[in-house]
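# Topology and contacts: notes
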Amino acid sequence: AQSVTQLGSHVSVSEGALVLLRCNYSSSVPPYLFWYVQYPNQGLQLLLKYTSAATLVKGINGFEAEFKKSETSFHLTKPSAHMSDAAEYFCAVSTRGAQKLVFGQGTRLTINP
Amino acid sequence: DTGVSQDPRHKITKRGQNVTFRCDPISEHNRLYWYRQTLGQGPEFLTYFQNEAQLEKSRLLSDRFSAERPKGSFSTLEIQRTEQGDSAMYLCASSLVEGPYNEQFFGPGTRLTVL
């Protein structure tokens, strides 16, 4: 079985500061990992995905994430926060042949002007 | 826009009533998923279809819940005898089976409030 833990249910950063959202996963087989963003009253939009190719993955809106097998982590970063980044972010895990995504509990990102 | 659509976007109902939600996936996608998201939590898997066949159901999907995808296109999720604990956002997603991983595209969700 797979599971995801997102450290920090709320993260607050200043506009222009580094964004770091933490995700640790548990999987008995090689995982596929995803970050989704959710704006208020909307569905989930895929930011980026790791599917066993490059360990540093670049996504939309300037976000990137690095897969670290030794740390079972897939943290999401962005060098410079923008007000429009304020949203809920979800890390999710799947595996080859699995159908469902298993999500973490989410991290709400607030950007301070 | 040819993304995943869901109807209605919001539903308010009284306890004990039946409700039905509809999901239209991206047209060429053969897999369709239902998730439930309660306040402050991540989405939880409910069930999925490949074409018209329902291949997996979560233990979260009690006997009061039923999902169908009769022609392998749109899907409906029905909740009978709603309870206050059913209040949640119901998300639909679709994907195309063309590789080992499973990139799912989500709709905007249906927010259910049971009074």
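Anything mentioned here points back to the structure above.
Rules and cut-offs
Residues numbered from 1 in each chain as written. Chains lettered and ligands numbered in written order. Predicted model: local features only at pLDDT ≥ 70, side-chain atom pairs only at ≥ 80, totals over all residues. Heavy atoms only, no water. Pairing = 2+ DSSP bridges. Helix = DSSP H or I, 4+ residues; strand = E, 2+ residues; numbered from the N terminus. Axes fitted to C-alpha atoms, helices over the stretch in contact; angles between N-to-C directions. Buried < 20%, exposed > 50% of the residue type's maximum accessible area, 1.4 Å probe, protein only. Salt bridge = Lys/Arg side-chain N within 4 Å of Asp/Glu carboxyl O. Phe/Tyr/Trp six-rings, centres within 6.5 Å; stacked < 30°, edge-to-face > 60°. Lys NZ or Arg CZ within 6 Å of the ring centre and 35° of its normal.

So, about the sheet that holds strand β8 (residues 75–79) of chain B. All names here are of chain B. Judged by pairing direction, the sheet is antiparallel, and its four strands sit side by side in the order β1-β3-β8-β7 without closing on themselves. Here the strands that pair on one side only, and so sit at the sheet edges, are β1 (5–7) and β7 (65–68). Each strand axis lies, on average, 15 degrees off the axis of its neighbour in the sheet, ignoring direction. Here strand β3 (residues 19–24) pairs with β8 via five bridges, running antiparallel. What sits directly across from Val19, in β8, is Ile79.

The subject of this paragraph is the pairing of strand β11 (residues 107–112) of chain A. Residues and elements named next belong to chain A. Burial of the side chains of β11 is restricted to one face: Thr107, Leu109 and Ile111 are buried, whereas none of Arg108, Thr110 and Asn112 on the reverse face is. In this sheet, β11 lies alongside strand β2 (residues 10–14) in parallel orientation, the contact comprising five bridges. The residue of β11 that forms the bridge with Ser14 is Asn112. In the sheet, strand β9 (residues 87–95) pairs with β11 via three bridges, with the strands oriented antiparallel. Considered in β11, the bridge of Ala87 is made with Leu109.

Take the pattern of salt bridges next. As enumerated under the stated definition, the model contains seven salt bridges over all chains in all. Measuring nitrogen to oxygen at the nearest pair gives 2.8 Å for the salt bridge that ties Asp85 of chain A to Lys78 of chain A. Owing to a relative accessible area of 2%, Asp85 of chain A belongs among the buried residues under this scheme. Salt-bridge contacts for Asp24 of chain B lead to Arg22 of chain B; the nearest nitrogen and oxygen are separated by 2.7 Å.

Attention now moves to the packing of aromatic side chains. Here the structure, examined in full by the defined rule, presents 16 aromatic pairs over all chains. Measuring from ring centre to ring centre gives 6.1 Å for Phe103 of chain A and Phe106 of chain B, while their planes differ by 75 degrees; the resulting arrangement is edge-to-face. Of this pair, Phe103 of chain A sits in strand β10 (residues 102–103) while Phe106 of chain B sits in strand β10 (residues 105–106), which puts the two residues in different chains. With relative accessibility at 10%, the residue Phe103 of chain A sits in the buried group. Judged by its relative accessible area of 10%, Phe106 of chain B falls in the buried class. Judged by centre distance (5.4 Å) and plane angle (40 degrees), the rings of Phe21 of chain B and Tyr90 of chain B are tilted. Here Phe21 of chain B, found in strand β3, pairs with Tyr90 of chain B, found in strand β9 (residues 88–95); they are 69 residues apart in sequence, far enough to count as distant. Ring pairing ties together the aromatic residues Phe34, Tyr36, Phe90 and Phe103 of chain A together with Tyr33, Tyr35, Phe45, Tyr48 and Phe106 of chain B, which thus form one cluster. Its guanidinium or amino end placed over the ring of Phe74 of chain B, Arg22 of chain B lies 3.9 Å from that ring's centre, counting from NZ or CZ.

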